[in-house]
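Examining the three-dimensional arrangement
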Amino acid sequence: MRSRVSFEKEAIPHLEALLRTAVRVSGDRARAEDAVQETYLRAWRSFRTYQPETNCRAWLFRILLNVLKKAAGKKRRDPLAEAEDVEASPKVIPLFPDADRGNRQDILAAVNHLGPEFRSVLWLVVVEGFSYKETAQMLDIPMGTVMSRLYRARRELRRWLTAPAVTDKERTPGHGM
Amino acid sequence: MECKDIRKLLSPFVDDELGAHDAFTVAEHLEVCPPCQREMEILRRFDERLKAAGRTPLEGVEELRSHILALFSPWTWIRRWRGVGVAAAVLLFLVAGRQLFSAPSDPEAAAFSDALVAEMQQNMTQPFSLAWLDPQSMHDVLRQEGLVDLPNLGPAGFHLEGARICYPLGHVFIQLVYRNRSEEVSLFVSRRWTRPLSGTSKQDGFSIVPLGLRAVFLVGKESLENFADVRQLAEEEINALTT
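None of the values given here were measured: they were computed from a predicted structure. (Residues numbered from 1 in each chain as written. Chains lettered and ligands numbered in written order. Predicted model: local features only at pLDDT ≥ 70, side-chain atom pairs only at ≥ 80, totals over all residues.)

A tally of helices and strands in chain A yields eight helices and zero strands. Taken from the N to the C terminus, the helices and strands of chain A come in the order α-α-α-α-α-α-α-α. Within the span of chain A, comprising 177 residues, buried residues form 40% of the whole. Sequence-distant contacts in chain A: of pairs separated by 6 or more residues, those separated by 24 or more amount to 66%. (Helix = DSSP H or I, 4+ residues; strand = E, 2+ residues; numbered from the N terminus. Buried ≥ 20, exposed ≤ 12 C-beta atoms within 10 Å, placed from the backbone. Contact = placed C-beta atoms within 7 Å.)

Written out as C-alpha cells, the structure is:
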C-alpha cells in the first residue's frame, strides 16, 4: 500500500495542469475545480494499485476526462461541447497576417471556437504535451483519429486567425467545424 | 511527394510523431521548398504561443491545492467521520453500558462466556429454541462456563438426562434436566445472581436452592410446560435474590 506522502509527491504537482485542462474542457471554473477535486479523490482511492513506473500524469488526466465526461452525462450534455469562453471572448477575432500576433485571450478564444473533439485533442497534444498514443488512450479513440483531428484543428485555427475580421457571431461552431 | 501531401504531414512532423521514413521525406522536402518551410514555421510558432497562452499561471491554484491536500489529511477524515464516530460511540455505550450496568454488583459475579452469550443471542426470541446437548457437548459447555460441578447437584435419586442453553427470563441459563422413574425436573443455572441463599424456597414446583455463589432454580416438568405461569414467580424470586 502506498502512502499519502507518496501520493502527494507524485500526484499533486500535476494539479495546475489538470485544472487548466478542466477549465478549458468544461468551460467553467467552478465545475473545473470540482472535477479536479473528484479526480484526486478517485486517484487516491485507487492509488494503492498504481504502479510507480506508469505515467502518473497521463493516469490523472485520464481520470479527469472521465470525471468531466460523467459530469456532463448527468446533465445530458457533452462537457466538451459546453465550453464557454472563460476569458471574455472578444467580439471580433483579430486578424493575424502570420502566427506571431494576437494575445493570449485571442488565442484561447479561438481555441474555444473549435468543436469539442478537436479542442480536446489540440489541448492535450500542444499545451499538455501528450503523445498521440497517450491522447488516444485518454480519449478512447484511435491514434489515426487523433492525427486527423489535430490536423484539422490546426488548419481551422490558422484559417480563423489569419482570415479577414468577422464578428464573433459568425464564428460560432456551426460556422467553423 | 507534392506540397499538399507534405502539408498534411507537417502536423505530426512538428509533434515528432512521424515514423522515420516519413520524417525523412518531409525534412528532405522542406529543404527545397520555402513555402512549405514557412508553413511549418508558422505551425511551430503557433504551437509555442498556444502552449504559452495555455500554460499561463491560473489564479487560485494554491487555494485549490491546499483544499485538496486537506482532503487527504487524517484530521479531515476524522472531522468528516466525527458524526459517525460519535453515533457509534453512543451506540456502543448504550449496548455495552446496558450490559455493564445490568450486571450484578457482586464483584464475584461473572456473565457467561462471550461465546455462549453470542450463541444465545441468536435465539433470543425463543427462550427454549436451542437444541439439546449431547453429553460431550454439555460437558464442554459446562466446563467452558466453569460449571463442571453442577451435574452432581440434582435432587437425590435423579440422574442427569440432558442439558441445553436457554433464555427463559431475559437472561441466559443452562437448563439441566434430571429424571427418576416417575419425575422430571429442570435445574436452571445462571451465573448472574450470586447472592448465597440460606435455605431452600419452594413454591408451586418452583425451587431455588443454595449453591454457594450461584443461584439456581429448580422447576418441575409440569411447571416448565407452563413456564409463563411461573415466570412472574421466578422473576420475583430472582428480584428478591438480587435486592
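Moving on, we get to the overall build of chain B. Each helix and strand in chain B was counted, giving ten helices and six strands. Per-residue burial over chain B gives 21% buried out of 243 residues. For chain B, restricting intrachain contacts to residue pairs at least 6 apart in sequence, the fraction spanning at least 24 positions comes to 51%.

Residue and element names in this part refer to chain A. Look at helix α3 (residues 29-45): 24 Å from first C-alpha to last across 17 residues, which is about the 24 Å you get at 1.5 Å a residue. What α3 keeps buried is the set A32, E33, A35, V36, T39, Y40 and A43. The buried residues of α3 occupy one face: seen down the axis, they fall within an arc of 160 degrees. For α3, the exposed residues set more than 90 degrees away from the buried face come down to A30 and R45. (Expected span 1.5 Å × (residues − 1). Arc of directions from axis to C-beta.)

The interface of chain A with chain B comprises 31 residues on the first partner and 25 residues on the second. Secondary-structure elements contributing two or more residues to the side of chain A that touches chain B are α1 (4-11), α2 (15-26), α3, α5 (104-112), α6 (116-127) and α8 (143-162) of chain A. Looking at which element gives the most residues to the side of chain A that touches chain B, the answer is α3 of chain A, with six residues. Per-class residue counts for the side of chain A that touches chain B are 19 nonpolar, two polar and ten charged. (Nonpolar A, V, L, I, M, F, W, Y, C, P; charged D, E, K, R; others polar.)

Turning next to the packing of helix α1 (residues 3-14) of chain B against helix α2 (residues 20-32) of chain B. Residues and elements named next belong to chain B. Relative orientation of the contacting elements α1 and α2 amounts to 115 degrees, with a least axis distance of 10 Å. Crossing handedness for the pair α1 and α2: left-handed. Judged by residue contacts, I6, L9 and F13 of α1 engage D22, A23, V26 and H29 from α2. For the contact of α1 with α2, the per-class residue count stands at five nonpolar, one polar and one charged. (Axes fitted to C-alpha atoms, helices over the stretch in contact; angles between N-to-C directions. Left-handed = near helix turned anticlockwise from the far one by under 90°.)

The next point concerns the confidence of the model for chain B. Residues and elements named next belong to chain B. Chain-level statistics for chain B give a pLDDT mean of 67 and a share of 45% at 70 or above. Strand β4 (residues 201-203) is the least confidently modelled element of chain B, averaging 43 in pLDDT, while α2 averages 90, the highest of any element. Taken as a whole, residues 99-111 scores under 50 in pLDDT and shows 17 contacts with residues more than four places along the chain or in a different chain. At the level of chain-chain contacts, confidence expressed as ipTM amounts to 0.76, with global pTM at 0.53. (pLDDT = per-residue confidence, 0-100.)

Turning our attention to the packing of α5 of chain A against helix α3 (residues 34-54) of chain B. The geometry of α5 of chain A relative to α3 of chain B is characterised by a closest axis approach of 9 Å and an angle of 100 degrees between their N-to-C directions. The angle between the axes of α5 of chain A and α3 of chain B places the two elements in the roughly perpendicular class. Taken together, the residues of α3 of chain B that come into contact with α5 of chain A (itself represented by R104, I107 and L108 of chain A) are R49, L50 and A53 of chain B. Taken together, the residues of the contact of α5 of chain A with α3 of chain B break down into four nonpolar, no polar and two charged. (Parallel < 35°, antiparallel > 145°, perpendicular 65-115°, else oblique.)

A few words now on the confidence of the model for chain A. Caution applies to low-pLDDT parts of the model: their predicted coordinates are not meant to be read in detail. Residue and element names in this part refer to chain A. Here chain A averages 76 in pLDDT, and 73% of its residues register 70 or above. Scored below 50 in pLDDT, residues 77-101 makes 69 contacts in the model with residues more than four places away or belonging to other chains. Here residues 165-177 scores under 50 on pLDDT; set against residues more than four positions off or in separate chains, the count is 26 contacts.

The next point concerns the nonpolar core. Core analysis: the biggest nonpolar cluster contains 57 residues, and A22, V36, L64 and L122 of chain A have the highest contact counts within it. If sequence neighbours within four positions are ignored, L122 of chain A has contacts with V111, L114, L150 and A153 of chain A. In terms of nonpolar packing, the next biggest core, distinct from the first, is built from eight residues, A163, C166, L176 and Y178 of chain B among them. (Core = buried A, V, L, I, M, F, W, Y, C linked by C-beta atoms within 7 Å.)

With respect to the helices, strands and loops of the structure, P13 of chain A is situated in the loop between α1 and α2. Along the chain, P13 of chain A and R57 of chain A lie 44 residues apart, while their C-alpha atoms are 9.1 Å from each other.

Residue and element names in this part refer to chain A. Structurally, R24 can be placed in helix α2. For R24, a count of 23 C-beta atoms within 10 Å puts it in the buried group. When the C-alpha atoms of R24 and P116 are compared, they prove to be 9.9 Å apart, with 92 residues separating the residues in sequence.

All names here are of chain B. Relative to the assigned elements, E39 resides in helix α3. Residue class for E39 comes out partly exposed when judged on the 17 C-beta atoms lying within 10 Å of it. A C-alpha to C-alpha distance of 8.3 Å links E39 and L10, two positions 29 residues apart in sequence. Beyond its immediate stretch of four places on either side in the chain, E39 contacts R7 and L10.

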